[in-house]
Amino acid sequence: RETMCNFDDNETGKSSGGAVKEMRPNFKKLKSIERQRREILLRAELPFFRIILFWSGTCLKEISTDLLVWLTLAIYTGIRISANILDYTPESVSLLEKTNIGVLGGFLSFFLVLFVNQTNGRFLE
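Residues numbered from 1 in each chain as written. Predicted model: local features only at pLDDT ≥ 70, side-chain atom pairs only at ≥ 80, totals over all residues. Heavy atoms only, no water.

Engineer: Where do I start with the environment of Glu39 in this structure?
Structural biologist: As for its position among the elements, Glu39 is in helix H1 (residues 27–43). For Glu39, a relative accessible area of 36% corresponds to the partly exposed category. Considered as a pair, Glu39 and Gly57 are 18 residues apart in the sequence and their alpha carbons are 8.8 Å apart. (Helix = DSSP H or I, 4+ residues; strand = E, 2+ residues; numbered from the N terminus. Buried < 20%, exposed > 50% of the residue type's maximum accessible area, 1.4 Å probe, protein only.)

Put into structure tokens, the structure is as follows:
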């Protein structure tokens, strides 16, 4: 029987009208999801550093395989190495010293608060 539920993309099926209808997961899949959920729930009582070292049920797998994270880290490392190797201060750095970075930080903080508020609002709906 087809119902409109929100489950994984690999459980979707196309109807004759082209609309996507999602299938209910079978009992075996539900048991697996419930087992994982209960394992994550039991971890909440562990110390903080033990919790963040778990691989399943966390974002560590996504972060470790994300190209953008590694690219940003490589650029930062390259900038830090080149800054330590250079014996002089580039002109672009001396120009940045004169700018008021506090204003930029204020704007970024404001937009970060708006973003988090919007994200929490969507989560609570």
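Engineer: Whenever I open this one, the side chain of Arg43 confuses me. Can you help?
Structural biologist: Among the secondary structure elements, Arg43 is positioned in helix H1. Although Arg43 lies buried, it forms no salt bridge, and the closest oppositely charged side chain, Glu39, sits 4.3 Å away as judged by the N-O distance. When neighbours within four sequence positions are excluded, Arg43 is seen to be in contact with Ile51, Phe54, Ser56 and Gly57. (Lys, Arg positive; Asp, Glu negative; His and termini not counted. Salt bridge = Lys/Arg side-chain N within 4 Å of Asp/Glu carboxyl O. Contact = heavy atoms within 4.5 Å.)

Engineer: Would you mind showing me how to read the packing of aromatic side chains here?
Structural biologist: Geometry of an aromatic ring pair is reported as the spacing of the ring centres plus the angle between the planes. Within the structure shown, the criterion is met by two aromatic pairs. Consider the rings of Phe48 and Phe49, whose centres lie 5.3 Å apart with planes at 70 degrees: the pair is edge-to-face. Each member of the pair Phe48 and Phe49 is classed as exposed. On the numbers, 5.6 Å between centres and 65 degrees between planes, the contact of Phe110 with Phe111 is edge-to-face. On the basis of relative accessible area, Phe110 is assigned to the partly exposed category, the value being 48%. (Phe/Tyr/Trp six-rings, centres within 6.5 Å; stacked < 30°, edge-to-face > 60°.)

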